[in-house]
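# Coordinate analysis (summary)
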Amino acid sequence: MDEKLLRELRGIVGEQYVVTERNDLWVYRHDGSVDHAWPGAVVLPATTEQVSKVVKLATHENVPIVARGAGTGLSGGAVSNG
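Residues numbered from 1 in each chain as written. Predicted model: local features only at pLDDT ≥ 70, side-chain atom pairs only at ≥ 80, totals over all residues. Heavy atoms only, no water.

## Points about helix α3 (residues 48-60)
For α3, built from 13 residues, the straight-helix expectation of 18 Å at 1.5 Å per residue is met to within 8% by its first-to-last C-alpha distance of 18 Å. The set of residues buried in α3 consists of Q50, V54, L57 and A58. In an axial view of α3, the angular spread of the buried residues amounts to 95°, which keeps them on one side of the axis. For α3, the exposed residues set more than 90 degrees away from the buried face come down to T48, E49, K56, T59 and H60. On its buried side, α3 packs onto α1 (3-13) and β2 (42-43). One or two positions beyond α3, positive phi appears at N62, with a value near 60°. (Helix = DSSP H or I, 4+ residues; strand = E, 2+ residues; numbered from the N terminus. Expected span 1.5 Å × (residues − 1). Buried < 20%, exposed > 50% of the residue type's maximum accessible area, 1.4 Å probe, protein only. Arc of directions from axis to C-beta. Contact = heavy atoms within 4.5 Å.)

## Let's talk about the environment of W26
By the secondary structure assignment, W26 is in the loop between α2 (22-25) and β2. Separated by 11 residues in the primary sequence, W26 and A37 place their C-alpha atoms 9.2 Å from one another.

Put into structure tokens, the structure is as follows:
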């Protein structure tokens with residue numbers, strides 16, 4: 001993922017809430033289904049304002065977002081397309 005975009009995301013939610021290390025991303029590459037794909041990053045916003053800013057930035061940068069809850073779904077809905 002682009003370093004400039006990662007810096008901007010970290011500026012919105014904080015350094016510790018942007019996950020980019022492959023070992024840490026492993027749990028986000030799948031849900032309860034058999035489908036899997038590695039995300040470019042995982043962003044963990046804590047407020048509505050942060051969510052709004054992250055979505056606006058992703059839209060501006062043409063970066064797709066996959067919303068995720070507990071990751072227990074069986075349909076692959078919380079899995080990025082890689």
